[in-house]
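A look at the structure
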Amino acid sequence: MKFLDYTILAIGIIGALNWGLVGIFRFDLVAYLFGSMSWFTRLIYILVGIAGLYGISYFGRISQNMAE
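Presented here is a report on the structure given in the accompanying data block. From a predicted model like this one, the values you see are computed outputs, not experimental measurements. (Residues numbered from 1 in each chain as written. Predicted model: local features only at pLDDT ≥ 70, side-chain atom pairs only at ≥ 80, totals over all residues. Heavy atoms only, no water.)

When helices and strands are counted, the protein shows four helices and zero strands. Along the protein, helices and strands appear, N-terminal first, in the series α-α-α-α. For the protein, the C-alpha radius of gyration of 14 Å lies well beyond 11 Å, the compact-globule estimate for 68 residues. Counting only C-alpha atoms, the protein reaches 45 × 25 × 15 Å along its principal axes. With 68 residues in all, the protein has 15% of them scored as buried. Sequence-distant contacts in the protein: of pairs separated by 6 or more residues, those separated by 24 or more amount to 46%. Of the accessible surface of the protein, which amounts to about 5,500 Å², a share of 75% is contributed by carbon and sulfur atoms. (Helix = DSSP H or I, 4+ residues; strand = E, 2+ residues; numbered from the N terminus. Rg over C-alpha atoms; globule rule 2.2 N^0.38 Å. Buried < 20%, exposed > 50% of the residue type's maximum accessible area, 1.4 Å probe, protein only. Contact = heavy atoms within 4.5 Å. Areas by Shrake-Rupley, 256 points an atom, 1.4 Å probe, with all protein chains shown as cover.)

Rendered as structure tokens:
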């Protein structure tokens, strides 16, 4: 489970950094590296989205750990 958590965290950080670049500089690093809406770019965006959804479960685990 820890491996999955660290993987999800890394993907989430990569996604956050990319959105930061888009917001500040209007530069999409993922699209720049892998092509605008290529199948691989879309796969990366999908993985970031799934990581975000899985990351929601961190809230439940954090509140559980604080209650202990």
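This part covers helix 3 (residues 39-55). End to end, helix 3 covers 24 Å across 17 residues, agreeing with the expected 24 Å (1.5 Å per residue, within 8%). Every buried residue of helix 3 is accounted for by T41, I44, A51 and G55. On an axial view of helix 3, the arc spanned by its buried residues comes to 80 degrees, and they lie on one face. For helix 3, exposure combined with an orientation more than 90 degrees from the buried face picks out W39, R42 and L53. Buried residues along helix 3 sit against helix 1 (2-25), helix 2 (29-34) and helix 4 (57-67). (Expected span 1.5 Å × (residues − 1). Arc of directions from axis to C-beta.)

Time to look at unusual backbone geometry. Peptide bonds are, in most cases, trans, and in most cases residues other than glycine have a negative phi. Even without a glycine there, the phi angle at R26 is positive, about 55 degrees. Look at R26 and you get exposed, because its relative accessible area is 79%.

On to empty space enclosed by the protein, then. If you walk through the whole model with that rule in mind, you get one cavity of 30 Å³ or more. What the largest cavity holds in volume is close to 40 Å³. In terms of lining, the largest cavity is formed by G15, N18, W19, V30, I44, Y45 and V48. Contributing elements (two or more residues each) for the lining of the largest cavity: helix 1 and helix 3. (1 Å grid on protein atoms, 1.4 Å probe; cavity = no way out; pocket = protein on both sides within 12 Å on 5 of 7 lines; lining within 4 Å. Points joined across faces, edges and corners; volume = space filled by probe spheres on them.)

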